[in-house]
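Summary of the model geometry
The lines below spell out each chain.
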Amino acid sequence: MTAVGIDAIEIWTGNLKLDLPGTFAPEKGEDPEKYTKGLGLNASSFPDSYEDIVTMGANAAHRLMERKGLEPDDIGRIDVATESAFDNSKPVSTYVAGCLEQVFEGDFHHANKGERKFACIAGTQSLDDAYNWIRAGRNRGRSALVIATDTALYARGDAGEATQGAGAVAMLISEDPNLVELSAEQGYGSADETDFLKPNQQFPSVDGKRSVQVYLARMREALKDYESVAGDVHEADFAYAPFHTPFPGMVRKAALLAYRHVIRDTTLEDDLADEIGRQPRPEAFDTDDDYRDALREYMDLLKETEAYQEWYAETIDPTLSISREVGNWYTGSVHVARASALKHALENGRDMTGESLLVASYGSGAQAEIHSEVVQEGWEDEIEALNVDEQLEDRYDMSWDDYEEVHDVHNHDMDVDVEEFTAPESEFVFDGWGRMGERK
Ligand code: CAA
């Protein structure tokens, strides 16, 4: 069977930067290490006053199409995944297509366009839709363009404010891909949850602490479900495990949970169980509280083992380096984690062809999905083409006053006019509703 997967990706960051330890922490009266060590973040990407989900998505897609020498006729569908949409009827993909049609020969009249919503997991769901469309033979030789784009902003003063971010990831899904082949097997954990919502409102209502627990619970279910179709996962099976990364500290918790599930070293498990007096299984305890206390003790011990720390350093930590500098990109976040891992491999001269990734996506509301991917022969050229370091370096570093102004500009309830902090360079810009996506 022909391989189907991600042929190419491009990343587009918002053009502004909020320094968390240097600018945010002093204003909040917090220890900078709460952000750098606790949450694991150094900075957030932020959209300048002329940027939004359309411009960032279109800029990422434009760069991808130009680099790959594609014309609209090569693309049979465009799906945008976002939880920052501004139009309840017309999908963001139509706005993006309108931008791209200004610069490419031909148009997207033949292309199926849509918008996917399930919080942050929608980016991965759009990949699935593209995969299924190609596998079903409905693509007529064309590729799919999937764009995950978000302005992940929280209300001022919300605990989530430290985890904000803005950016887009564009992905080309094709037969015989250059980057990764997607597995047919998937595992899900899905439940009706209300810890993170945006019912007709711009900024989310979040129960942050609960959202962390829901993420972990759904991820545990997805891993079990994945194993029920793909067989037992061993920690050695995967070169990297990119997780949805709202902030790296969240992934630290999820990775420990995953590791407990995938260690197949019974000696290590028995040793740890001996230290807490018995195996941490619910049936071994009289009350739920006793079980929870014992489990916490067990996990604390596991976290300190050399085996876990080595696995974390090799398999998880490299997935977090871009995220540390950009914050949460919601739908794009897990795709940034994959890029981060492969960039690490390239920079360290690691040959990844034929190696596997375990990709763990998540969306509040809530659903987790796990699948595997096999890295393809052309991966080095694809990752080498990313200019993410340059983009991050070029961001304008906001003062606190700048940040307050820009946050207000992106609050649709407020009518504020702020000058641009950066000069757009050959990119689509938002210049008022009448001139959406004009290229400057
Ligand atoms: N030095 C080192 N570490 C410190 C520290 C210091 N001085 N001060 C605090 N910390 C540590 C804390 O111990 C904590 O670590 P642990 O969780 O490992 O104990 C960490 O820093 C964060 O501190 P707090 O828990 O006190 O932080 P908070 O309550 O202000 O905010 C949050 C945390 C509630 C998760 C908040 O960031 C939030 O609401 N975020 C938005 C929701 C979110 O991202 N949820 C994640 C799951 S949902 C999801 O994934 C979907 C999505 O994209 C939104």
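Scroll up a little and you will see the structure.
Residues numbered from 1 in each chain as written. Predicted model: local features only at pLDDT ≥ 70, side-chain atom pairs only at ≥ 80, totals over all residues. Heavy atoms only, no water.

Some points on the sheet that holds strand β13 (residues 396-397)
In plain terms, the rule: Only when DSSP finds a minimum of two bridges between them are two strands counted as paired. Where helices and strands are cited, they refer to DSSP runs of H or I of at least four residues and of E of at least two residues respectively, numbered from the N terminus. Contacts: residue pairs with any heavy atoms within 4.5 Å of one another. Lines are fitted to the C-alpha atoms to define the axes, a helix being fitted only along its stretch in contact, and any angle between axes, read from their N-to-C directions, falls within 0 to 180 degrees.
Taken together, three strands build an open sheet; the order of strands is β3-β2-β13 and the sheet is mixed. The sheet is open, and its two borders are formed by β3 (43-46) and β13, each paired with just one other strand. In the sheet, strand β2 (residues 16-19) pairs with β13 via two bridges, with the strands oriented parallel. When the bridges of β13 are listed, Leu16 appears paired with Tyr396. Sitting on the sheet, helix α1 (residues 20-28) touches β2 and β3, and the angle it makes with β2 is about 60°. Where helix α15 (residues 400-409) meets the sheet, its contacts fall on β2, β3 and β13, and the angle it forms with β3 comes to roughly 45°.

Notes on the site of the ligand
Let me state the cut-off plainly: Here a residue is near a molecule or strand as soon as one of its heavy atoms is found within 4 Å of it. Identification of polar contacts relies on pairs of N or O atoms within 3.5 Å, with a donor-acceptor requirement for protein atoms, meaning one able to donate a hydrogen and the other able to accept it, and with residues adjacent in sequence counted only if both atoms are side-chain atoms.
As a matter of local geometry, the ligand sits amid 26 residues, with Lys34, Lys209, Ser211, His244 and Lys253 nearest to it. A distance of 2.7 Å is found between an oxygen atom of the ligand and a side-chain nitrogen or oxygen belonging to Lys34. A distance of 2.6 Å separates an oxygen atom of the ligand from a polar atom in the side chain of Lys209. Of all elements in the fold, only α2 (32-39), α6 (208-230) and α7 (248-262) reach the threshold of two or more residues within the shell around the ligand.

Structural notes on the environment of Glu115
Within the secondary structure, Glu115 is located in strand β5 (residues 112-116). When the C-alpha atoms of Glu115 and Ser93 are compared, they prove to be 6.6 Å apart, with 22 residues separating the residues in sequence. Excluding its chain neighbours within four sequence positions, the residues that come into contact with Glu115 are Val80, Thr82, Ala85, Lys90, Pro91 and Val92. In this structure the side chain of Glu115 is engaged in a polar contact, spanning 2.7 Å, whose partner is the backbone nitrogen of Val92.

A word on the pairing of strand β11 (residues 356-363)
So the rule is basically this: When accessible area is computed with a 1.4 Å probe and restricted to protein chains, residues below 20% of their type maximum are described as buried, those above 50% as exposed, and intermediate ones as partly exposed.
A large share of β11 lies buried, amounting to eight of its eight residues. Bridge count between β11 and strand β12 (residues 367-375): eight bridges; the pairing is antiparallel. Counted as the bridge partner of Ala360 is Ile370 from β12. Counted along the chain from β11 to the antiparallel partner β12, the turn is three residues long, and its residue Gly365 has a positive phi close to 115°.

Looking at the packing of aromatic side chains
Definition in use: Any two of the Phe, Tyr and Trp rings considered here, Trp counted by its six-membered ring, make a pair once their centres fall within 6.5 Å; the pair's planes then place it as stacked at under 30 degrees, edge-to-face at over 60, or tilted in between. The rule is short: NZ of Lys or CZ of Arg within 6 Å of the ring centre and within 35 degrees of the ring normal puts a charge over the ring.
According to the stated counting rule, one finds 15 aromatic pairs in the structure shown. On the numbers, 6.0 Å between centres and 55° between planes, the contact of Phe24 with Trp400 is tilted. Linking Phe24 in helix α1 with Trp400 in helix α15, this pair joins segments that are 376 residues apart in sequence. Ring plane angle 50° and centroid distance 6.0 Å describe the contact between Phe285 and Tyr291, whose orientation is recorded as tilted. Members of the aromatic cluster, joined through ring pairs, are Phe24, Tyr35, Phe46, Trp400 and Tyr403. Directly above the aromatic system of Tyr95 lies the positively charged group of Lys90, at a separation of 4.5 Å from the ring centroid. The side chain of Arg350 reaches across the aromatic face of Tyr240, ending 5.1 Å from its centre.

Some thoughts on the packing of helix α5 (residues 122-135) against helix α12 (residues 333-347)
The test is simple: Throughout this description, any angle smaller than 35 degrees is read as roughly parallel, any larger than 145 degrees as roughly antiparallel, any in the 65 to 115 degree range as roughly perpendicular, and the remainder as oblique. As a working rule, the residues Ala, Val, Leu, Ile, Met, Phe, Trp, Tyr, Cys and Pro are called nonpolar, Asp, Glu, Lys and Arg charged, and the rest polar, with Gly in that last group.
Here α5 crosses α12 at 80°, and the two axes come no closer than 7 Å. The orientation of α5 relative to α12 falls into the category roughly perpendicular. Contacts from Gly123, Thr124 and Leu127 of α5 reach α12 at Val334, His335 and Arg338. Across the contact of α5 with α12, the residue classes tally to two nonpolar, three polar and one charged.

A few points about the pattern of salt bridges
Think of it this way: side chains of opposite charge can pair up when their charged atoms draw near. Our working rule: Think of a salt bridge as a Lys or Arg side-chain nitrogen and an Asp or Glu carboxyl oxygen that are within 4 Å of each other.
Within this structure, the stated rule accounts for 24 salt bridges. Salt-bridge contacts for Arg210 lead to Glu193; the nearest nitrogen and oxygen are separated by 2.5 Å. With Arg210 in helix α6 and Glu193 in the loop between β8 (180-190) and β9 (196-197), this pair connects stretches of sequence that are 17 residues apart. The class for Arg210 is partly exposed, based on a relative accessible area of 38%. Salt bridges sharing partners connect three or more residues here, namely Asp7, Glu10, Arg63, Arg67, Lys68 and Glu382.

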